[in-house]
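# Observations on the model geometry
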Amino acid sequence: MVNVTTFLETSINRIFRTHLTARQLALECLLHAKRFIQELITFMTNEFSVWKHRGYSKLDAWRITCICVRRVFESLYAVRVTARDLPETTDKHFVAASIIWSTMSAHEVMEDYMKLQFLEHPTISAVISRHLAAHHVKSDDQTGTKLKKCEEQLRNMQSKIDKLEASVNRLGNGGNGGNNGQNGGRKIPKKGQDAQGNEAS
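Residues numbered from 1 in each chain as written. Predicted model: local features only at pLDDT ≥ 70, side-chain atom pairs only at ≥ 80, totals over all residues. Heavy atoms only, no water.

## A word on the pattern of salt bridges
In plain terms, the rule: Salt bridge, as applied in this entry: a Lys or Arg side-chain nitrogen positioned within 4 Å of an Asp or Glu carboxyl oxygen. Helix and strand labels come from DSSP, where a helix needs a run of H or I of at least four residues and a strand needs a run of E of at least two; each type is numbered from the N terminus. Any residue under 20% of the maximum accessible area for its type is buried, any over 50% is exposed, and the rest in between are partly exposed; the area is computed with a 1.4 Å probe on protein chains only.
Inspection of the entire model under this criterion finds six salt bridges. The shortest N-O distance in the salt bridge between Arg35 and Glu111 comes to 3.2 Å. Residue Arg35 is located in helix α2 (residues 20-53), and its partner Glu111 is located in helix α4 (residues 92-115); the two are separated by 76 residues in the primary sequence. Judged by its relative accessible area of 34%, Arg35 falls in the partly exposed class. The exposure class of Glu111 is partly exposed, given its relative accessible area of 23%.

This is how it looks when you write it as structure tokens:
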């Protein structure tokens, strides 16, 4: 910023060295524009931190901040467009007057934003309100989403339990089947018989 300011000041002093009034006006515009940029950067930093603190991700926080900054420059563009789209003419006075008018109008817009600290400016408030309204999720929708998620988790757990039961059953059937109904190679005594299969007395 310092190098840019120095370069512009040097250029202004050289170009308008014989036009004191124009030079003074240009230097004041440069100083005002520098202050505007510094305050805009501060606004961007603070705004990003605010949205991050509210739980937004870095990407979403920067998205909201950039939308606000874009609206600021759209406001500046709206008043500068008259100088940009000047008709072809040889009238130097008309061209100079149009450029000065557009420049002063842009600086007036800058001053309005700075007086209201950007955030309180109607255009910024409107942008933030529209963004929040467009990305607002109703509480009913949130509840429905959570319920669907719980149901899905319940189905997954039930599926896992069914698989575990099937595995246990296969293991049990395999162990009994390998002994043809016997337990460890021994016959299981029937009711009323001892371990050798004789009738109990």
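More follows now that the structure is in view.
## Describing the nonpolar core
Across soluble globular proteins, nonpolar side chains have a tendency to be buried as a group. What counts is decided by this rule: Note on terminology: a nonpolar core comprises buried Ala, Val, Leu, Ile, Met, Phe, Trp, Tyr and Cys residues joined through side-chain atoms within 4.5 Å. We call two residues contacting when some pair of their heavy atoms lies within 4.5 Å.
Core analysis: the largest hydrophobic core is formed by 20 residues, its most contacted members being Phe36, Tyr113, Phe118 and Ile124. When residues of this core are traced back to their parent elements, those giving at least two are α2, α3 (58-84), α4 and α5 (122-134). Tallying contributions element by element places α3 first for this core, with six residues. Contact partners of Tyr113, with chain neighbours within four places excluded, come to Phe36, Arg71, Val72, Ser75, Phe118, His121, Thr123 and Ile124.

## Details of the environment of Thr103
Mapping Thr103 onto the fold places it in helix α4. Sequence separation between Thr103 and Arg80 is 23 residues, and the spatial gap between their C-alpha atoms is 6.8 Å.

## Some points on the packing of α2 against α4
Counted only if it meets this: Every axis corresponds to a line fitted to the C-alpha atoms, with the helix fit spanning only the stretch in contact, and the corresponding angles, defined between N-to-C directions, vary from 0 to 180 degrees. Each crossing gets its hand from how the near helix is turned against the far one by less than a right angle, where anticlockwise is left-handed and clockwise is right-handed. Under the scheme applied here, ten amino acids are nonpolar (Ala, Val, Leu, Ile, Met, Phe, Trp, Tyr, Cys and Pro), four are charged (Asp, Glu, Lys and Arg), and all others, including Gly, are polar.
α4 packs onto α2 with a crossing angle of 35 degrees between their chain directions and a minimal axis gap of 10 Å. In terms of crossing hand, the pair formed by α2 and α4 is left-handed. On the side of α2, the interface is formed by Leu25, Cys29, His32, Ala33, Arg35, Phe36 and Glu39, while α4 contributes Thr103, Met104, His107, Met110, Glu111, Tyr113 and Met114. Taken together, the residues of the contact of α2 with α4 break down into eight nonpolar, three polar and three charged.

## Points about α2
Note the following rule: Here a helix's expected span is defined as the number of its residues, less one, multiplied by 1.5 Å.
Between its terminal C-alpha atoms α2 stretches 50 Å, which fits the 50 Å expected from 34 residues at 1.5 Å a residue. When we look at burial in α2, the residues that qualify are Ala26, Cys29, Leu30, His32, Phe36, Leu40, Phe43, Glu47, Phe48 and Trp51. Immediately downstream of α2, the backbone of Gly55 shows phi near 105 degrees, a positive value.

## Observations concerning a nonpolar patch on the surface
For clarity, the threshold we go by: Only residues above 30% relative accessible area that lack a salt bridge enter a patch, with like-charged residues linked at up to 9 Å and the nonpolar side chains Val, Leu, Ile, Met, Phe, Trp and Tyr linked at up to 5 Å. Accessibility throughout is a Shrake-Rupley quantity obtained with a 1.4 Å probe, and a residue counts as covered only by protein chains that appear here.
Taken together, the side chains of Val4, Phe7 and Leu8 present a nonpolar region at the surface, about 290 Å² in accessible area. Inspection of the secondary structure puts Phe7 in helix α1 (residues 2-15).

## As for the layout of surface pockets
Applied cut-off: Note on definitions: the grid is 1 Å and covers protein atoms alone; a cavity is a set of points where a 1.4 Å probe fits but cannot get out; a pocket is an open set with protein on both sides within 12 Å along at least five of seven lines; lining residues have an atom within 4 Å of a point. Grid points are joined across faces, edges and corners, and a volume is the space filled by probe spheres set on the points.
Its volume calculated, the largest pocket comes out at about 320 Å³. Residue lining of the largest pocket: Phe16, His19, Ala22, Leu25, Ala26, Cys29, Ala96, Ile99, Ile100, Thr103 and Met104, and that is the complete set. Secondary structure elements with two or more residues in the lining of the largest pocket: α2 and α4. Among the elements that line the lining of the largest pocket, the one with the most residues is α4, at five residues. For the lining of the largest pocket, the residue count by class is nine nonpolar, two polar and no charged. By volume, the second largest pocket amounts to about 270 Å³. In terms of lining, the second largest pocket is formed by 14 residues, of which the most central are Leu76, Arg80, Ala106, His107 and Met110.

## Focus on α3
Rule in force here: At every residue, the bend is computed as the angle between two fitted axes, covering the seven residues ending there and the seven beginning there respectively.
Of all the bends in α3, the greatest, near 40 degrees, is centred on Ala78. Buried within α3 we find Ala61, Ile64, Thr65, Cys68, Val69, Val72, Ser75 and Leu76.

These figures come from the coordinates and say nothing about function on their own.
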